[in-house]
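Survey of secondary and tertiary structure
These are the residues of each chain, in order.
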Amino acid sequence: MFLKRKDLLTIRDLDVEEIKLILETASSFEEILTRPIKKVPTLRGKTIVNFFLEPSTRTRSSFELAAKMLSAELINISAKTSAVAKGESLKDTAKTFEAMKIDALVIRHSSSGAPHLLAKFANFSVINAGDGTHEHPTQALLDLFTIKKKLGKISGLKIAIVGDILHSRVARSNILAFNKMGVKVTLVAPPTLIPLDIEALDVEVRYNLNEVIKEVDVVYLLRIQLERQAEALFPSIREYSSLFGLNLERIREIKPNTLIMHPGPINRGIEISAEVAELPNAIIADQVESGISVRMALLYLLLGGKTGGGG
Amino acid sequence: MKYLIKKGRLVDPANRIDKILDILIEDGKIKAIDQEIEIEKAIIIDASNKIVTPGLIDMHVHLREPGREDEETIESGSRAAIKGGFTAITSMPNTDPPVDNASIVEMILEKASRVGLARVFPVGAITKGLKGEEISEMADLIQAGVVAFSDDGNSVMNALVMRRAMEYAKMFNVPLILHEEDKNLSRHGQANEGFYSTLLGLKGIPAVAEEVMVARDLLLAKFTGAKIHIAHVSTKGSVALIAQAKNEGVKVTCEVTPHHLILTHDNLMDFDTNLKINPPLRSREDVESLREGLKDGTIDAIASDHAPHARQEKEVEFDLASFGMVGLETSLPLLITELVDKGVISFPCLIEKLSANPAKILGVPGGKLSPGSSVDLVIIDPEEKFEVKVEKFESKSHNSPFNGWKLKGLVKHVFSQGKLAFFEGAFLELKEEQVFREGAKKKVTL
C-alpha cells in the first residue's frame, strides 16, 4: 500500500488511515537502524533534493539519512548555495528541478505556504519540512510514533503543548495530528503567544502550567525563539522561564510516567532546565531516532509506488 | 447622429426611475426619455430584456501609470473600465511618482482624454510623497483637476497631520478618501487575524487595526467638520462606527468592494496570492454585516479597488506577494450573480451604489440620465452567462481570484462621454459612420 497523493504539505490534508499507515510502515523500517549495514535497496534510482532555506540540523540530516538508507540519490541544497541567493523565484526553482527529473524535494522555508507554491508548479513530490509558522508535518508524525512506542497508545491521552504557539509550526502540526488521533490537547502559554481563535481547533487554552502538568500524560515543550523578545511578546526571558519553564521543582508533582518532549533545539535553562532535559522521562533523543524511521516510511510511501523505482 | 434605445428597463435611481422606457440620444446628449419614442433615421438599439443604467462609476481604481505601465496604463485601465460598464473611474495617487503635484495630474488627464474612453478623475495625495508627514499642495492639485485626496495604501498615522489635512481640505469641499489601517497593529500582516491566519501560520491583520483608525478619523471629522469617505470598509465594527457617526451628523460616506461582500478568509486555504488583499478578506460575520450596511444605507458605494499586479508579484510566497486584485471587469457580474440574483439587494440599489452615489460623493457629473446631459450609459444583459477568463481581460494584469467563475450579467453596449464606445460586447475602434454601417448589417435597423 502507498499514499495516494503527490505531496505531503500539511497534517490537515492527511486522514487517520493515512497517518496509521505511515506509523505502521515506520515500525517496519525501524529495524533497519539496528542493522550493521543500514541500507536497503527500496528507493534505488530515485533522486531526492533536500532544499533547506533555513538552518536545520536534525530535520535535514534525518531526511538525508532516511533517503540514503533507502538507497535513494540525495542532493543537499542550502540557502547560500542555491540560486535563490541570486534571486531565483520558487517557481523557477520548481521548473529547474523538474527539468532535472527529480522524484521528490524536501523543503524547509521561512514563508508559510511556500511548499504549496512549489507543489503547484512541480510535477515531483514535495515534502514540507517546515514552512514559516505554518506546519511541520513530519515532526508531528515522528512525535506520534514516539508516543505510541513509549506509551503503547495515542488515543485517549492528554497532552499539554507549552510555549510559543503563535510562531510554532510544530504546534500547528502537532495539534492537528494529536486531534486526529484522539488526544485531548491543552495549550499553555502567555496570551500574547496564543494565536487568535485557536480554540476552534478543539483545544483548551490555559495559563497555569503548575496545574496542567499534573493532569497530562505528555508535556510537549516548544523552543522559545530568543529573537521573539524583540517583538515584546513577553517582558523577559527570566519571567517567561519562571512561569513556563520546566525545572525539577515544577515537575515534582507530575505523574511518574509523564513524558517530556521537545522538538529541539532546546534552550537549556529557558523552557527546560538542564536537569529535566536529562531525566529518563525526557525522550528528546527518542524523538530524533523516530524521525529517521518515520521519514523512511514517508519517502517509501510517496515514491515507492511509482514505476521505475528499484525495490 | 441619433440613437434610439428601445424597450429597455431603465434603472436610474437618482431620478427614481425603474421602468421600461425608450431613450433618444442625439449629438451625444439625451434628447428624450419616454414611452414608445418613434423617430426616423436613428440607429435603433433593441434593449428589450436588458437593463439600461447611467454609466457606472468606480471610485477606487489604481491605474499604475506613471511608474508601473507593465501592470496597467491609463489606456488599458480605461478599456477594462468600459468593458466592465464603468464610464468613469478615479485614479488613485499611489503611482511612481505619486500624484502629489499638478504636473502628474495634467499628464493623467491629458492621456485619459487622448484615450477618450472612460472619464478619469484623478485623486491627489493627502501628503507629499504619500509619506504621512506634510500635507500636499492641495489647492494646486484641485486647480489641476483632482476630485478628492487620498494616501490610499497608506494610513496617515499621525493624528495631527490628519487633523491639518481635514481642516485644510474644507476649503475645497472635496472628500478625503481614507485607507484605514493602524500600521503598528497590522505590521507584517498577511491575512485577517482569526482562525484561518492561525491555521495557516500567516501573520494577522486584526479587524481592530482598521476599526481604531476609522474611529479616530470619525472623531477628527466630527471635530473639524471635514468631509471624509472611508475606503474599502471590511469589518463589522467599522460598519457600526460609521452608522453611529452618520447618526451624529458627521460628514462621512463609505464604500465596500465586491470581494469583501462575497469572499471570506476561509478561501485562503490554498494560499492563493490573488486573495491577498488589503484590507484582508474577513469572516462570514463581517460579510453579513457589510451586506446589511449596504442595504440600510450605511455603506454608500461599491468600488472595486482595482489593483493590477504583474505575475511575478503574485507567483511568489504568500508573505512576499503584493496586496490587491483587479476588479473592473468582474465587479458588475459578480454583484449581479452574488447579490442581486440571490436577493440580497435589488437592481436599483446596486446601480445607486455604482453610479448615483459615487457621483454625489465625488461631486462629478454623471450618475444619472437626464435630458440634456452628456450621455454616459450602459446596457446590461442581466441574464447572459459567461465564464471569467483572465486571459481575455482588457486589463494588463490578471490577478483575479475569480478566474473560472461562472457568472451572469454582461455589459452589451456602453455610451461614454456622449459616444458609443462599446457595442454588442466589443469596442468600437471605428468611426461613428462606420459603426452605423457595421451595425446596420447586424441587429441594428434603420
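From a predicted model like this one, the values you see are computed outputs, not experimental measurements. Each chain has its residues counted from 1, running along the sequence as written. Note on labels: chains are lettered from A, ligands numbered from 1, in written order. A pLDDT threshold of at least 70 governs which residues receive local features in this predicted model, and a stricter bar of 80 or more applies before side-chain atom pairs are shown or counted, although totals over entire chains, interfaces and linings include all residues. Side-chain metrics in this entry use all non-hydrogen atoms of the structure; hydrogen atoms and water are not considered.

1. With respect to helix α6 (residues 169-180) of chain A
Residue and element names in this part refer to chain A. A run of DSSP states H or I qualifies as a helix once it reaches four residues; a run of E qualifies as a strand once it reaches two. Both are numbered from the N-terminal end. To estimate the expected span of a helix, subtract one from its residue number and multiply by 1.5 Å. Here α6 is 12 residues long and its end C-alpha atoms lie 17 Å apart, about the 16 Å a rise of 1.5 Å per residue gives. Among the 12 residues in α6, 10 count as buried, and that is most of the element. Regarding α6, the residues found buried are R169, V170, A171, R172, S173, N174, I175, L176, A177 and F178. Measuring from the side-chain oxygen of the N-cap residue of α6 to the backbone nitrogen of V170 gives 3.2 Å; that N-cap residue is S168. The first or second residue beyond α6 is G182, which carries a positive phi of 85°. Each residue is placed in one exposure class: buried if its accessible area under a 1.4 Å probe, protein chains only, is under 20% of its type's maximum, exposed if it is over 50%, and partly exposed if it falls in between. Side-chain atoms alone can form a polar contact between residues adjacent in sequence; in general such a contact is a pair of N or O atoms within 3.5 Å, and within protein one must be able to donate a hydrogen while the other accepts it.

2. A short note on the interface of chain A and chain B
Contacts: residue pairs with any heavy atoms within 4.5 Å of one another. In this complex, chain A contributes 22 residues to the contact, which on the side of chain B involves 16 residues. In total, chain A and chain B occlude about 1600 Å² of area from one another, counting both sides; carbon and sulfur atoms represent 59% of this. The largest per-residue losses of area from chain A upon contact with chain B belong to A:R12, A:S112 and A:L196, which jointly make up 28% of the total buried on that side. Salt bridge, as applied in this entry: a Lys or Arg side-chain nitrogen positioned within 4 Å of an Asp or Glu carboxyl oxygen. Counting across the chain A and chain B interface gives 1 salt bridge. Of the charged contacts in the structure, one is a salt bridge between A:K91 and B:E315, with a shortest N-O distance of 2.7 Å. Here the buried area means the combined drop in accessible surface, using a 1.4 Å probe, for two parts upon being joined, counting both sides.

3. Looking at the packing of aromatic side chains
Between the rings of Phe, Tyr and Trp (Trp by its six-membered ring), a pair exists once the centres lie within 6.5 Å; its type follows the angle of the planes, with under 30 degrees stacked, over 60 edge-to-face, and the other angles tilted. One pass over the structure, following the stated rule, counts 12 aromatic pairs over all chains. Taken together, a centroid distance of 5.9 Å and an interplanar angle of 80° make the contact between A:F51 and A:F97 edge-to-face. Of this pair, A:F51 sits in strand β1 (residues 47-52) while A:F97 sits in helix α3 (residues 90-99); the two residues are 46 residues apart in sequence, bridging distant segments of the chain. Both residues of the pair, A:F51 and A:F97, count as buried. Ring geometry for B:Y3 against B:F415: centres 4.9 Å apart, planes inclined by 80°, an arrangement best described as edge-to-face. Taken together, the residues span a long stretch of sequence, with B:Y3 in strand β1 (residues 2-12) and B:F415 in strand β17 (residues 406-416) at a distance of 412 residues. An aromatic cluster is built from A:F2, A:F29 and A:Y300, whose rings are joined through pairwise contacts.

4. Side note on the sheet that holds strand β10 (residues 176-178) of chain B
All names here are of chain B. Note: two strands are recorded as paired if DSSP finds a minimum of 2 bridges between them. Strand order across the open sheet formed by 8 strands is β6-β7-β8-β9-β10-β13-β14-β15, with parallel pairing between neighbours. With one partner strand each, in any of the chains shown, β6 (56-58) and β15 (301-302) form the two edges of the open sheet. Pairing between strand β13 (residues 228-230) and strand β14 (residues 252-256): 3 bridges, direction parallel. Looking across to β14, one finds that I228 is bridged to V252. Here, axes are lines fitted to C-alpha atoms. For helices the fit covers the stretch in contact, and angles between N-to-C directions go from 0 to 180 degrees. Running over the sheet, helix α4 (residues 159-169) touches β10 and β13 and is turned about 145° from β10.

5. Regarding unusual backbone geometry
Residue and element names in this part refer to chain B. Note the cis peptide between D96 and P97, where omega equals 0°. In this structure, P97 sits in the loop between β7 (86-91) and α2 (102-115). For the bond from N278 to P279, the omega torsion is 0°, close enough to zero to count as cis. Positionally, P279 belongs in the loop between α8 (258-262) and α9 (284-296). The phi angle at R64 is positive, at roughly 65°, despite the residue not being glycine. Examined against the element boundaries, R64 turns out to sit in the loop between β6 and α1 (74-83).

6. Regarding the state of the cysteines
Residue and element names in this part refer to chain B. For the purposes of this analysis, a disulfide is any pair of cysteine sulfur atoms at a distance within 2.5 Å. Under the criterion given, the structure shown has 0 disulfides over all chains. Its sulfur unpaired, C254 is 13 Å from the next cysteine sulfur, which belongs to C349. In this structure C349 comes out as buried when scored by relative accessible area, which is 15%.

7. With respect to the pattern of salt bridges
Going through the model one piece at a time under the given rule, you end up with 46 salt bridges over all chains. Of the charged contacts in the structure, one is a salt bridge between B:D18 and B:R9, with a shortest N-O distance of 2.8 Å. Across the pair B:K295 and B:E292 runs a salt bridge whose closest N-O atoms are separated by 3.3 Å. Here B:E292 and B:K295 lie together in helix α9, a separation of 3 residues that amounts to about one turn. Residues joined by salt bridges that share partners form a network here, namely A:K184, A:E204, A:R206, A:E211 and A:E215.

8. Points about empty space enclosed by the protein
Residues and elements named next belong to chain A. Cavities and pockets are defined on a 1 Å grid built over the protein atoms alone: a cavity is a set of grid points where a 1.4 Å probe fits but cannot escape, while a pocket is an open set with protein on both sides within 12 Å along at least five of seven lines, and lining residues are those with an atom within 4 Å of any such point. Grid points are joined across faces, edges and corners, and a volume is the space filled by probe spheres set on the points. Taken as a whole, this structure holds 4 cavities of 30 Å³ or more when the rule is applied. Here the largest cavity defines a volume of roughly 80 Å³. In terms of lining residues, the largest cavity is bounded by R58, S62, Q139, L142, H262, P263, I284, Q287, V288, G291 and R295. Residue assignment for the lining of the largest cavity shows that the elements contributing at least two residues are α2 (58-69), α5 (137-151) and α10 (284-303).

9. A short note on the domain arrangement of chain A
Residue and element names in this part refer to chain A. By domain assignment, chain A separates into domain 1 (11-135 + 289-303) and domain 2 (137-285). An automatic or database domain assignment supplies the start and end points of every domain. For domain 1 versus domain 2, the distance between C-alpha centres works out to 25 Å. In this complex, domain 1 contributes 30 residues to the contact, which on the side of domain 2 involves 25 residues. It is I11, L23 and T133 in domain 1 that bury the most area against domain 2; as a group they hold 25% of the surface buried on that side. Here domain 1 and domain 2 share 2 salt bridges between them. Its salt-bridge partner being K149, residue E30 comes within 2.6 Å of it at the nearest N-O pair. Between domain 1 and domain 2 we count 11 residue pairs in polar contact (both at pLDDT 80 or more) in total. Elements that contribute at least two residues to the side of domain 1 that touches domain 2 include exactly α1 (16-30), α2, β3 (104-109), β4 (125-131) and α10.

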